[in-house]
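Close look at the chain arrangement
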Amino acid sequence: MTATLERPTAPVKKSRPVTPARIALHVFLVLTCLMTLTPLLWAVYASLRTYDDTSVNGYFSIAKALTFENFAKAWEIGDLPHFYWNTFLITVPALIITLVLSSMVAFAVSRFSFKFNIALLMLFTAGNLLPQQVIVTPLWRLYRLIELPAWMSESESLIDSPLGVILIHIAFQMGFCTFVLSNYMKTIPYELTEAARVDGASVFRQYWQLTLPLCRPVLAALATLEFTWIYNDFLWALVLIQDGDKMPVTSALQNLRGTFFTDNNLIAAGSLLVALPTLVVFFVLQRQFVGGLTLGSTKG
C-alpha cells in the first residue's frame, strides 16, 4: 500500500461578529473623518469658483462653472514665490539644527549615566510646558538688546531678522525632539556602543556613525512633524519681524485681502497653495513617518 499525502488546507479566517459596539465605532470614525475633511473639501470647492458666481448665488450653491483662475491670481497677487523663500530660510535651518542638537542631547542622556542625567532630560522637556505667549514681551526686549553686525541683520539686532525666528523655534522644539529621540535611543542595545568603544571608537564616532544611522526612521517622523509646525507658525514671525517683505508665506494671505471687499474664493486658493508644501513633505515621508511612530513601541 502506498500512503497518500493530503494537501494541508489553509486555515479559514473567521469574520468578526457584527455587534452594536462595532457598528457604533465605525459610524463614529466615518463621522470624524467627514468632519475633518469637510472644511478642506469646501475650501477646494470655493477656490474653483469665481467671485461673481458666489456673490450672486451664495457659497452654499451649485457652481455654474469651475476654473483654476483663482490659483493663478493668488500666486501673482500674493507674490508667493518670494514668501515661500522667506519661509524656507527660516524652516530648513531651524529644522536641521533642531534635529542635530536634539540628537546630541538625546545621545548623551540615553547612552551615558551621570549624576544629572534625568534632570537634564526633564529640563529640556519642561520647555514644552511653557506657553509661548508668556515670553513674547520679555523676548522682544531681549532681542532688541542683542546686537548683530549689519550683514546679518539690517536692524543690527535679532529683531526683524530671520535668525531671531530660527533661534526661538530651536529653543521651543528641542524639548519634544530630545524626549522622543532619547526614548528611542534607549531601545538600541548597549552592546553596540560597548563594542564600538572596545574597538577604539570615539564618543563622536559612536554618535555619528553608529547611533544616528539607527535613528533614521524616528528622525524622518520628527522631521515631518517639525517641518509642519515650524512652517505653519505665524506668531513669532508676526512678533519678531517688522518688515513685511521678510514675513513667511503664511502672512502672504494678507496681501489677498482687498481694501473695500474680500474675495474669499481667492483667499481659499491662496490658502491651499500655502498648505501645499506641508502636504508634499508628508506624502514623501509618509512611510517613514508611520514607521517612526510605531518604532520603539515593542521590544524583542
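Residues numbered from 1 in each chain as written. Predicted model: local features only at pLDDT ≥ 70, side-chain atom pairs only at ≥ 80, totals over all residues. Heavy atoms only, no water.

**What about the overall build of the protein?**
Stated formally: A run of H or I in DSSP counts as a helix once it spans at least four residues, and a run of E counts as a strand once it spans at least two, with each numbered from the N terminus. In this treatment the radius of gyration is a C-alpha quantity, and the globule benchmark scales as 2.2 Å times the residue count to the 0.38 power. Note on contacts: a residue pair is in contact if any heavy atoms of the two residues lie within 4.5 Å. Residue-level accessible areas treat just the shown protein chains as cover; the underlying method is Shrake-Rupley with a 1.4 Å probe.
On a plain count of helices and strands, the protein comes out with 13 helices and zero strands. Computed over its C-alpha atoms, the radius of gyration of the protein comes to 26 Å, more than 25% above the 19 Å expected for a compact globule of 300 residues. Taken along the three principal axes of its C-alpha coordinates, the protein extends 90 × 70 × 35 Å. Restricting the contact set of the protein to residue pairs at least 6 apart, pairs at least 24 apart contribute 71%. Accessible area for the protein stands at about 19200 Å²; split by element, carbon and sulfur atoms hold 68% of it.

**Regarding the UniProt feature "transmembrane region" (unreviewed entry) in the protein**
This is how it is decided: UniProt positions are given in the numbering used here, feature names are shortened, and annotations may be inferred rather than shown by experiment.
Under the feature "transmembrane region" (unreviewed entry), the UniProt entry names residues 23-45, 83-109, 121-143, 163-181, 214-231 and 266-285. Taken end to end, residues 23-45 is 100% helix and 0% strand, and its two terminal C-alpha atoms sit 31 Å from one another. Helix makes up 100% of residues 163-181 and strand 0%. Its end C-alpha atoms lie 25 Å apart.

**Looking at the side chain of Arg111**
Filter applied, for reference: Exposure is judged per residue with a 1.4 Å probe applied to protein chains only, and the accessible area is read against the type maximum: over 50% gives exposed, under 20% gives buried, and values in between give partly exposed. By the counting rule applied here, Lys and Arg register as positive and Asp and Glu as negative, while His and the ends of each chain are not counted. Salt bridges are identified by distance alone: a Lys or Arg side-chain nitrogen within 4 Å of an Asp or Glu carboxyl oxygen. Under this definition, polar contacts are N or O atom pairs within 3.5 Å; protein pairs additionally need one hydrogen-donor-capable and one acceptor-capable atom, and for neighbouring residues in sequence, both atoms have to be side-chain atoms.
One can find Arg111 in helix H4 (residues 80-111). No salt bridge forms around the buried Arg111; measuring N to O, its nearest opposite-charge neighbour Glu191 is 7.0 Å away. At a separation of 2.9 Å, a polar atom in the side chain of Arg111 contacts the main-chain carbonyl oxygen of Ile188. Here Thr193 takes part through its side chain, which lies 2.9 Å from a polar atom of the side chain of Arg111. Residues contacting Arg111, with those up to four places away along its chain left out, are Met185, Lys186, Ile188, Pro189, Tyr190 and Thr193.

**Describing the pattern of salt bridges**
In the structure shown here, the tally under the stated rule is three salt bridges. Between Arg49 and Asp53 there is a salt bridge; the shortest N-O distance is 3.4 Å. In terms of burial, Arg49 and Asp53 fall into one category: buried. Among the charged side chains, a network of salt bridges with common partners joins Glu154, Asp160 and Lys246.

**Quick word on unusual backbone geometry**
Unlike most non-glycine residues, Asp79 shows phi in positive territory, near 50°. Turning to its location among the elements, Asp79 is positioned in the loop between helix H3 (69-77) and H4. Accessibility expressed as a relative area gives 38% for Asp79, which makes it partly exposed. Phi is positive for Glu156, which is not a glycine, with a value near 60°.

**Focus: the packing of H4 against helix H10 (residues 216-232)**
Our working rule: What counts as an axis is a line fitted to C-alpha atoms, over the stretch in contact for a helix, and the angles between N-to-C directions run from 0 to 180 degrees. Oblique is the label for every angle not falling under 35 degrees (roughly parallel), over 145 degrees (roughly antiparallel), or within 65 to 115 degrees (roughly perpendicular). Take the far helix as your reference; a near helix turned counterclockwise from it by less than a right angle gives a left-handed crossing, and one turned clockwise gives a right-handed crossing.
Where H4 contacts H10, the two axes come as close as 10 Å, and the packing angle between them is 140°. Taken together, the axes of H4 and H10 lie oblique to each other. Relative to H10, H4 is oriented so that their crossing is right-handed. In this structure, H4 contributes Tyr84, Thr87, Phe88, Thr91, Ala94, Leu95 and Leu99 to the contact, and H10 contributes Leu219, Leu222, Ala223, Glu226, Phe227, Ile230 and Tyr231.

**Considerations on the packing of aromatic side chains**
Our working definition: What counts as a ring pair is set by centres within 6.5 Å for rings of Phe, Tyr and Trp (its six-membered ring), and what kind of pair is set by the plane angle: stacked under 30 degrees, edge-to-face over 60, tilted for all other angles. Two limits define a charge over a ring: the Lys NZ or Arg CZ must be within 6 Å of the ring centre, and within 35 degrees of the ring normal.
By the definition in use, this model includes 15 aromatic pairs. Centroid distance Trp75 to Tyr84: 5.9 Å. Interplanar angle 50°. Geometry classified as tilted. One residue, Arg111, lies across the ring of Tyr190, its end atom 4.5 Å from the ring centre.

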